[in-house]
Amino acid sequence: MEEAVVGLDLNTYKVKEIVPKLTTLIAKTKHIRHFGANALELCYVANGLTDAFIDIRGKLRTTDVAAGFLILKEAGGIVTKPDNQGLNVELDPKQTMSFVASGNMEIHKKIINLVKSAC
């Protein structure tokens, strides 16, 4: 984790509720970034430009990142809920979700443990 570059979306009115859940992760990660487009963030993970992308706000719509999820999965990446359960959500503009996306299982497990311990 010390060398990991992680995308993290904190753009929410609930930031005071979410940040404490991610403090340990942020402290153990080399760089936290957010480029502003979550689907693009998933493509960066798929391409290896970043190691992971996390959005636990619960407000991201499935239709906003469906293409990014497909690209990441086709590249061999992993996407789960923050509790490491499979992400099986309806493709509907009203459906929202939280997720952890990683480029490989090793970093995914580390991130899940850091996020899960805080939730």
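Described in the following lines is the structure provided in the data block.

Quick notes on the rules
- Residues numbered from 1 in each chain as written.
- Predicted model: local features only at pLDDT ≥ 70, side-chain atom pairs only at ≥ 80, totals over all residues.
- Heavy atoms only, no water.
- Phe/Tyr/Trp six-rings, centres within 6.5 Å; stacked < 30°, edge-to-face > 60°.
- Buried < 20%, exposed > 50% of the residue type's maximum accessible area, 1.4 Å probe, protein only.
- Helix = DSSP H or I, 4+ residues; strand = E, 2+ residues; numbered from the N terminus.
- Arc of directions from axis to C-beta.
- Contact = heavy atoms within 4.5 Å.
- Core = buried A, V, L, I, M, F, W, Y, C linked by side-chain atoms within 4.5 Å.
- Expected span 1.5 Å × (residues − 1).
- Bend = angle between axes of the 7 residues up to and from the residue.

Side note on the packing of aromatic side chains
Taken as a whole and judged by the stated rule, the model has 3 aromatic pairs. Taking 5.3 Å as the distance between ring centres and 90° as the angle between the ring planes, the aromatic pair formed by Phe35 and Tyr44 counts as edge-to-face. Look at Tyr44 and you get partly exposed, because its relative accessible area is 22%. Here Phe69 and Phe99 contribute two aromatic rings whose centre-to-centre distance is 5.0 Å and whose plane-to-plane angle is 85°, an arrangement assigned as edge-to-face. Here the residue Phe69 occupies a position in helix H3 (residues 62-74), and Phe99 occupies one in strand E5 (residues 96-102), the gap between them amounting to 30 residues. Phe99 carries the same exposure label as Phe69, and that label is buried.

What about helix H2 (residues 38-47)?
When we look at burial in H2, the residues that qualify are Asn38, Glu41, Leu42 and Val45. Each buried residue of H2 sits inside an arc of 100° when the element is viewed along its axis, so together they form one side. Among the structural elements, strand E1 (5-8), strand E2 (31-33), strand E3 (52-61), H3 and E5 are those in contact with the buried residues of H2. Positive backbone phi, approximately 85°, marks Gly48, located one or two places after H2.

Comments concerning the environment of Val45
Within the secondary structure, Val45 sits in helix H2. Given the relative accessible area of 4%, Val45 is considered buried. Val45 sits 35 residues away from Leu10 along the chain, and the two C-alpha atoms are 18 Å apart. Not counting residues within four places of it along the chain, the set of residues in contact with Val45 comprises Thr50, Asp51, Ala52, Phe53, Leu72, Ser102 and Gly103.

Some remarks on the nonpolar core
In terms of nonpolar packing, the biggest core is built from 16 residues, with Met1, Leu22, Leu25, Ile54, Ile56, Ile111 and Val115 touching the most fellow members. For this core, the secondary-structure elements that each account for two or more residues are E1, helix H1 (15-28), E3 and helix H4 (105-116). Once residues within four sequence positions are removed from consideration, Met1 is found in contact with Leu25, Lys28, Thr29, Lys30, Ile107, Lys110, Ile111 and Leu114. Phe53, Val65, Leu72 and Val79 belong to the second largest nonpolar core, which has 12 residues in total.

Some points on H3
Between its first and last C-alpha atoms H3 spans 17 Å; for 13 residues at 1.5 Å apiece the expected length is 18 Å, and the two agree. A bend of about 30° at Gly68 is the largest found in H3. Among all positions in H3, only Thr62, Val65, Gly68, Phe69 and Leu72 are buried. Among the structural elements, H2, E3, strand E4 (78-80) and E5 are those in contact with the buried residues of H3.

Shape descriptors only; they carry no functional weight alone.
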